[in-house]
Amino acid sequence: MSPHNDMPNERAFGRALHRIDGLTWRLGGVFLWLSNICLLVMLGLTATTIIARPFGWSATWIWPWTMVFFVWLSFFGFFAIFVRQMDVRIEFLAHLLGKWGMIGTRLIANLCAIALCVTLCALMPQVIASARGYVEGAILPGFDEIPRISLYVPLFASAALIAVSALVDLAKMIMGIPERAPEIHMED
């Protein structure tokens, strides 16, 4: 095949990468909102406890639900922070190493993220098997407690999405597409 035949395919692949990258960016925004909602609920429940105690009112279900929302906040935030590139990076060190430092840290970060997330997803059957029962005290409106497995749904969703996002970034590296800067917002 001549190089001219590959160019339309490369452009189509680049557009597909851009679309998937944009989708993961938007999903990161959804997960960021979910994390913020969890934080607001936690704050509301804690404030209710603090305000109500002097009046002799206490609800035993507030503490367990606060813990459930904390776990969800952490797991939803796992993907949001990764895809929005708000994680802690040692960029000054990568900059000191020059072009190869930036390429190397990008590659290592993506490979580590993929390895971690694939491991988490591979362990999902074991986690599901061990997550029997309910979260004690986290009572639902029908007076049932929330199933323990529901704690892990955001973790596995985040892990799968991080793996996809890291694979897309690796493909972008191969195509010569630069890393998205965290301050650049994808509007389209």
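Look a little higher up for the structure.
Here the structure is a predicted model, which means the values were calculated and not measured. (Residues numbered from 1 in each chain as written. Predicted model: local features only at pLDDT ≥ 70, side-chain atom pairs only at ≥ 80, totals over all residues. Heavy atoms only, no water.)

**Some remarks on the overall build of the protein chain**
Across its full length, the protein chain carries six helices and two strands. Its C-alpha atoms give the protein chain a radius of gyration of 21 Å, more than 25% over the compact-globule value 16 Å for 188 residues. Considered along the principal axes of its C-alpha atoms, the protein chain spans approximately 80 × 35 × 30 Å. Counting over 188 residues, the protein chain shows a buried share of 34%. Considering only intrachain contacts with a sequence separation of at least 6, the fraction spanning at least 24 residues in the protein chain is 76%. Of the roughly 12000 Å² that the protein chain leaves accessible, carbon and sulfur atoms contribute 72%. (Helix = DSSP H or I, 4+ residues; strand = E, 2+ residues; numbered from the N terminus. Rg over C-alpha atoms; globule rule 2.2 N^0.38 Å. Buried < 20%, exposed > 50% of the residue type's maximum accessible area, 1.4 Å probe, protein only. Contact = heavy atoms within 4.5 Å. Areas by Shrake-Rupley, 256 points an atom, 1.4 Å probe, with all protein chains shown as cover.)

**Description of the environment of aspartate 169**
Relative to the elements of secondary structure, aspartate 169 occurs in helix α6 (residues 153–175). Note: C-alpha distance between aspartate 169 and asparagine 110 (59 residues apart in sequence) is 7.4 Å. In this view, aspartate 169 contacts Arg106, Asn110 and Glu179; residues no more than four positions away in its chain are not counted.

**Description of helix α4 (residues 99–122)**
Across its 24 residues, α4 extends 34 Å between first and last C-alpha, which sits within 8% of the 34 Å expected from 1.5 Å per residue. Buried within α4 are the following residues: Gly101, Arg106, Asn110, Ala113, Ile114 and Cys117. Check the buried side of α4 and you find it contacts α2 (62–83), α3 (91–96) and α6. (Expected span 1.5 Å × (residues − 1).)

**Let's talk about the packing of α4 against α6**
Two packed helices can be described by the angle between their axes and the distance between those axes. Contact geometry of α4 with α6 gives a least axis separation of 8 Å together with a crossing angle of 150°. For the element pair α4 and α6, the recorded crossing hand is left-handed. Contact residues: Ile103, Arg106, Leu107, Asn110, Leu111, Ala113, Ile114, Cys117, Leu120 and Cys121 in α4; Leu155, Phe156, Ala159, Ala160, Ile162, Ala163, Ala166, Leu167, Asp169, Leu170, Lys172 and Met173 in α6. Among the residues making up the contact of α4 with α6, the classes are represented as 18 nonpolar, one polar and three charged. (Axes fitted to C-alpha atoms, helices over the stretch in contact; angles between N-to-C directions. Left-handed = near helix turned anticlockwise from the far one by under 90°. Nonpolar A, V, L, I, M, F, W, Y, C, P; charged D, E, K, R; others polar.)

**Thoughts on the packing of aromatic side chains**
One pass over the structure, following the stated rule, counts five aromatic pairs. Relative to phenylalanine 76, the ring of phenylalanine 31 has its centre 5.4 Å away and its plane inclined at 85°; by these criteria the two rings are edge-to-face. Of this pair, phenylalanine 31 sits in helix α1 (residues 3–52) while phenylalanine 76 sits in helix α2; the two residues are 45 residues apart in sequence, bridging distant segments of the chain. Exposure remark for phenylalanine 31: the relative accessible area of 8% places this residue in the buried category. Centre to centre, the rings of tryptophan 65 and phenylalanine 69 are 5.6 Å apart; their planes meet at 35°, and the pair counts as tilted. Of this pair, tryptophan 65 and phenylalanine 69 both sit in helix α2, four residues apart, which is roughly one turn of that helix. Residue tryptophan 65 shares its accessibility class with phenylalanine 69, and that shared class is buried. (Phe/Tyr/Trp six-rings, centres within 6.5 Å; stacked < 30°, edge-to-face > 60°.)

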